[in-house]
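What the coordinates show
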Amino acid sequence: MDGAMGPRTLLCVYLVSLLTLQAMPALGSATGRSKGSEKRQAVDTTVNGVSIRSLKVNCKVTSRFAHYVITSQVVNSADRAREVAFEVEIPKTAFISDFTITASRNTFVGDIKDKVTAWKQYRKAAISGENAGLVRASGRNMEQFTIHITIGPQSKATFRLTYEEVLKRKLTQYNIIIKVKPKQLVHDFEIDVDIFEPQGISKLDAQASFLTKELAAQTIKKSFSGKKGHVLFRPTVGQQQSCPTCSTSLLNGDFKVTYDVNRDKLCDLLVANNYFAHFFAPQNLTNMRKNLVFVIDISGSMEGQKVKQTKEALLKILGDIKPEDYFDLVLFGSHVQSWRGSLVQASEANLQAARDFVQRFSLHGSTNLNGGLLRGIEILNKAQENLPELSNHASIVIMLTDGEPTEGVTDRAQIQKNIRNAIRGRFPLYNLGFGHDLDFNFLEIMSMENNGWAQRIYEDHDAAQQLQGFYNQVANPLLVDVDLQYPQDAVLALTQHRHKQYYDGSEIMVAGRIADHKLGSFKADVKARGEDQEFKTTCLVDEEEMKKLLQERGHMLENHVERLWAYLTIQELLAKRMKMEGEEKDNLSAQILKMSLDYQFVTPLTSMTIRGMVDEDGLEPTIDKSPEDSPPLEMVGPRRTFVLSALQPPPTQPSSSFHQLPNQVTGVDTDPHFIIHVPQKEDTLCFNINEEPGVILSLVQDPDTGFSVNGQLIGSKARSPGQHEGTYFGRLGIANPATGFQLEVTPQNITLSPGLGGPVFSWRDQAVLRQDGMVVTINKKRNLVVSMDDKATFEVVLHRVWRGSAVHQDFLGFYVLDSRWMSPRTHGLLGQFLQPFDFEVSDLHPGSDPTKPDATLVVKNHRLTVTRGLQKDYSKDLRHGAEVSCWFVHNNGAGLIDGIHTDYIVPDIF
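Quick summary incoming for the structure in this document. (Residues numbered from 1 in each chain as written. Predicted model: local features only at pLDDT ≥ 70, side-chain atom pairs only at ≥ 80, totals over all residues. Heavy atoms only, no water.)

**A look at unusual backbone geometry**
Leaving glycine out, the prevailing phi sign among residues is negative, and the prevailing peptide bond configuration is trans. For Thr172, which is not a glycine, the phi torsion comes out positive at approximately 75 degrees. One non-glycine residue, Asn284, adopts positive backbone phi at about 60 degrees. With respect to the helices and strands, Asn284 occurs in the loop between strand E17 (275-280) and strand E18 (290-297). Owing to a relative accessible area of 80%, Asn284 belongs among the exposed residues under this scheme. (Helix = DSSP H or I, 4+ residues; strand = E, 2+ residues; numbered from the N terminus. Buried < 20%, exposed > 50% of the residue type's maximum accessible area, 1.4 Å probe, protein only.)

This is how it looks when you write it as structure tokens:
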């Protein structure tokens, strides 16, 4: 790694899906390794004096209960303190249960307490509207935990995070996905997955998207036999290198472990220490015929890509419907319309007619969600009541919407009541929420009340695949009205044991606590209805088998079965709590809090505090669950760097990074006017660039670090015939290839890592994003500030134009607030002026405009005629701007800029 990374070294571990590990984007591409390639010179794995000595992920799975421990040791061999960051992404459904930091021979341990008590310490942060919490929503299904600490010279720090969750079976397998992205080479890198399943493991696989087949065969060790499975990934430093002479890592992508268990027995009943877990997933059953009704939102807000992707998914789903199934389609905008108004069989003729209907329907009006759902439910109810041959089918309603109810009945409580009364528990309702401009909590509650679940469909290129993926989970019902019954006098606490439908490839899981001395009478009776037959079975506890399992897995089995019950119970109580009000909600909250504290889980009602370290405001860190509606960003609020107690500087010591920004700055704004402030001359030069809309110009390019800023021009859309078309910057690309950082800014959106499907923010957001030493601060509807490793600070301002404006299109301005530490070789239309340069102005004389005198400018061995004029600097006053007097250089800055202006045209925004 080169020195472009700045003084901070970030150690980051991301856990995606079930678990992902990431330590900042790496350069280079994955290449194969021969065994002989290990014989090479030793590679320096230190970056700015900091190295990652070890980074280990240990995952132990016992009967679907997964216990993860991520341990990393970072060493600062520099002669001064360094800042490091530990970042972990875990699924929103997981619970953190332990976190420690060991540094300077001291161990700082997280302490879980109720949230009210924990937050009493943070009144200062609460008053200022800030949050000392370290966990924020991130991406689709994740939340990210981040902590920055300062460690002393010639010292080391060890981070250890533990979290737990229950693996859910989807489409015939359990998945552990590890996204691996180390920022630098790691001395000792390891992923170790240990699986113990009493039923016996039927298949196990592990793959890495970033490895060639040859290198995967060398580095991934996988095996399974009987009840045990094991996967080990432990690449050497040489195997991590992106090329034989590179100091960058090829570990950049997904590491995926998949497995399933044997299903040759109907009963899988596990008992340990008076707790039981019952896993129900019978095989070799006949698929049930389905009655399907799709209820689709066609309001105006579905315009564009949403409706296109919805139609694409519906057409694929129609292709998967079996000939023996029955279906109908309901559309709702301001009005409700159905395709047939009753169920029809999925004959080829009917399917083709449905495809034609899907391709033809158009959008209009508001969102009559209540009316659309009631019509779909009515179609199913009538079929079940009037057509006996359809009454034994598995009935399903699937509703897709992208907004909130705005037509007909709009009161959410009334809609929920109407839907409950219409369905009356007879079939499940699945709600799909498209995008973020909706009340997902409302959809979730409505699904839960009607034996289904809700799923968010993200506005992205793969939205159609998300819809198809959801349908695949419910496409093959095997049983309906599944009831797992246990002796009432033998069971003290039981998780959900009645399910409306059981689908092929899934699994029903029930856990509970057995009363003392009741194990002998404990059993499970399962009743359900399948295709034209009743399903019944009884499961008994095999006590001899349980003794053998305890000998094989010992205390871990007892502990994991109990914690599996606690995890499922808390998750179910949290779901119920969403629907409750008043005293009922308070009682549920008390139950959840007690269990969370008993089992030391960080849940929405608890927080983990860490004593012995504080940030610059004297606040200690907290770890808590992110709110469900929090924006998907890497960090919200001001960045907090925590100093361990032994390293805290005196309170009066000023921050080394603090400095006063100049009153006048260099930048480009409006049509595009380049303003070059030259502080040593106490004067300003300016010039315009006249180019066509669509052209991309290099604004800043630092060849030593690779950092760049490019801008794309847009037109004013208000040109009269023969008139010069004004151009403005409508798109900016800010990139740092050394770390993989990319930020795309338009007047509509701000996108982090656009090529990798990163998070998208609007100018309505207030947020702080952090990645690889880059900090992006979005100030709502105003500007954003980008800081790079304390080396440079840039500002992007948003210009919203009003109706009647000559511009007719929103645009951006770009300003350099601080560039003191940028390379002397920095170039670009703005970058070439960030280092001191000299010029002289003489021979002041009247110009063609008597109010604007001309003069002779001598700069870069050129003698130029320049004109005194005024430009606007909007870096501090977005509404009015500040007038700046400058010497205007004509002809696209010829003679002032190096070369000619067309030399700065680049092909891509990054």
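**Some points on the sheet that holds strand E14 (residues 228-233)**
Strand pairing in a sheet relies on backbone hydrogen bonds. The paired strands run either parallel or antiparallel. Pairing within the open sheet is mixed, and its 10 strands lie in the order E13-E14-E11-E2-E3-E9-E5-E6-E31-E33. The open sheet is flanked by strand E13 (220-225) and strand E33 (622-624), the only strands paired with a single partner. Geometrically, the sheet is characterised by an average inter-axis angle of 15 degrees between neighbouring strands, direction not taken into account. Relative to strand E3 (residues 65-76), strand E2 (residues 50-62) runs antiparallel, the two being bridged by 12 bridges. In the strand pairing of E3, Val50 is matched with Asn76. In the packing of helix H13 (residues 582-598) onto the sheet, contacts are made with strand E6 (106-114) and strand E31 (606-610), and the angle to E6 comes to roughly 160 degrees. (Pairing = 2+ DSSP bridges. Axes fitted to C-alpha atoms, helices over the stretch in contact; angles between N-to-C directions. Contact = heavy atoms within 4.5 Å.)

**Here's the deal with the side chain of Thr670**
Mapping Thr670 onto the fold places it in the loop between strand E35 (666-669) and strand E36 (673-678). On the basis of relative accessible area, Thr670 is assigned to the buried category, the value being 18%. Excluding its chain neighbours within four sequence positions, the residues that come into contact with Thr670 are Thr727, Tyr728, Phe811 and Tyr874.

**Some details on helix H5 (residues 305-320)**
With 16 residues, H5 should cover 22 Å at 1.5 Å per step; its first-to-last C-alpha distance of 23 Å lies within 8% of that length. Of the residues making up H5, those classed as buried are Lys306, Val307, Gln309, Thr310, Lys311, Ala313, Leu314, Ile317 and Leu318. Close packing links the buried residues of H5 with E18, strand E19 (326-332), helix H6 (348-360), strand E22 (394-401), strand E23 (429-434) and helix H10 (463-474). (Expected span 1.5 Å × (residues − 1).)

**Observations regarding the environment of Ile396**
Inspection of the secondary structure puts Ile396 in strand E22. Placed 30 residues apart in sequence, Ile396 and Arg426 show a C-alpha to C-alpha distance of 9.5 Å. In this structure, Ile396 is in contact with Lys290, Asn291, Leu292, Val293, Leu380, Pro428, Tyr430, Val474, Gln501 and Tyr503, ignoring residues within four places of it in sequence.

**Things to note about the packing of aromatic side chains**
Per the counting criterion, the structure on display carries 30 aromatic pairs. Ring centres of Phe95 and Phe601 lie 5.2 Å apart, and the angle between their planes is 40 degrees; on these two criteria the pair is classed as tilted. Linking Phe95 in strand E5 (residues 95-103) with Phe601 in the loop between H13 and E31, this pair joins segments that are 506 residues apart in sequence. In this structure an aromatic cluster arises from ring pairing among Phe674, Phe687, Phe833, Phe837 and Phe839. One Lys or Arg, Arg412, reaches over the ring of Phe442 and ends 5.7 Å from the middle of that ring. Directly above the aromatic system of Phe440 lies the positively charged group of Arg456, at a separation of 4.6 Å from the ring centroid. (Phe/Tyr/Trp six-rings, centres within 6.5 Å; stacked < 30°, edge-to-face > 60°. Lys NZ or Arg CZ within 6 Å of the ring centre and 35° of its normal.)

**A closer look at the sheet that holds strand E10 (residues 174-180)**
Here we have 3 strands laid out as an open sheet, ordered E10-E15-E12, and antiparallel in their pairing. Of all the strands in the sheet, the pair left with one neighbour each is E10 and strand E12 (201-208). Sheet twist, expressed as the average angle between the axes of neighbouring strands with direction ignored, equals 10 degrees. Examined bridge by bridge, E12 and strand E15 (residues 253-261) share 7 bridges and lie antiparallel to one another. Paired with Ala206 across the bridge in E15 is Val257.

**Comments concerning the packing of helix H7 (residues 369-386) against helix H8 (residues 412-423)**
Contact geometry for H7 and H8: axes closest at 10 Å, N-to-C directions at 5 degrees. Classified by the angle their axes make, H7 and H8 are roughly parallel. The segment H7 lies against H8, with Leu369, Asn370, Leu373, Leu374, Ile377 and Asn381 engaging Ile415, Asn418, Ile419, Ala422 and Ile423. Class assignment of the residues belonging to the contact of H7 with H8 gives a composition of 8 nonpolar, 3 polar and no charged. (Parallel < 35°, antiparallel > 145°, perpendicular 65-115°, else oblique. Nonpolar A, V, L, I, M, F, W, Y, C, P; charged D, E, K, R; others polar.)

**Focus on the side chain of Thr751**
Examined against the element boundaries, Thr751 turns out to sit in strand E42 (residues 749-752). Setting aside its immediate chain neighbours within four residues, Thr751 contacts Gln742, Leu743, Glu744, Gly758, Pro759 and Val760.

**Regarding the nonpolar core**
Of all hydrophobic cores here, the largest spans 61 residues; its most connected members are Phe99, Ile147, Phe159 and Phe255. A total of 6 residues in this core trace back to one element, the largest contributor, which is E2. (Core = buried A, V, L, I, M, F, W, Y, C linked by side-chain atoms within 4.5 Å.)

**Things to note about the environment of Phe811**
By the element assignment, Phe811 lies in strand E48 (residues 811-818). For Phe811, a relative accessible area of 6% translates into the label buried. Sequence-distant contacts of Phe811, that is, excluding residues within four places in its chain, are made with Asp669, Thr670, Ile714, Tyr728, Phe729, Pro747, Val797, Leu798, His799 and Val801.

**Quick look at H6**
The end-to-end C-alpha separation of H6 is 18 Å, in line with the 18 Å expected for 13 residues at 1.5 Å each. The set of residues buried in H6 consists of Leu351, Ala354, Arg355, Phe357 and Val358. One face of H6 carries all of its buried residues, which in axial projection span an arc of 160 degrees. Opposite the packed face of H6, turned more than 90 degrees from it, sit the exposed residues Ala349, Gln359 and Arg360. Residues of H6 that are buried sit in contact with H5, E19 and strand E20 (336-338). (Arc of directions from axis to C-beta.)

**Side note on the pattern of salt bridges**
Following the criterion strictly, the structure yields 40 salt bridges and no others. Residue Arg563 is joined to Glu164 by a salt bridge in which the shortest nitrogen-to-oxygen separation is 2.7 Å. One end of the pair, Arg563, is in helix H12 (residues 555-579); the other, Glu164, is in strand E9 (residues 155-166), with 399 residues separating them in the sequence. Two residues, Asp325 and Lys290, come together in a salt bridge whose shortest N-O distance is 2.7 Å. Highlighted residues: Asp325 in the loop between H5 and E19 and Lys290 in strand E18, separated in sequence by 35 residues. Judged by its relative accessible area of 1%, Lys290 is buried. One continuous salt-bridge network, built from bridges that share partners, spans Arg64, Arg169, Glu197, Asp260, Arg263, Asp268 and Glu507. (Salt bridge = Lys/Arg side-chain N within 4 Å of Asp/Glu carboxyl O.)

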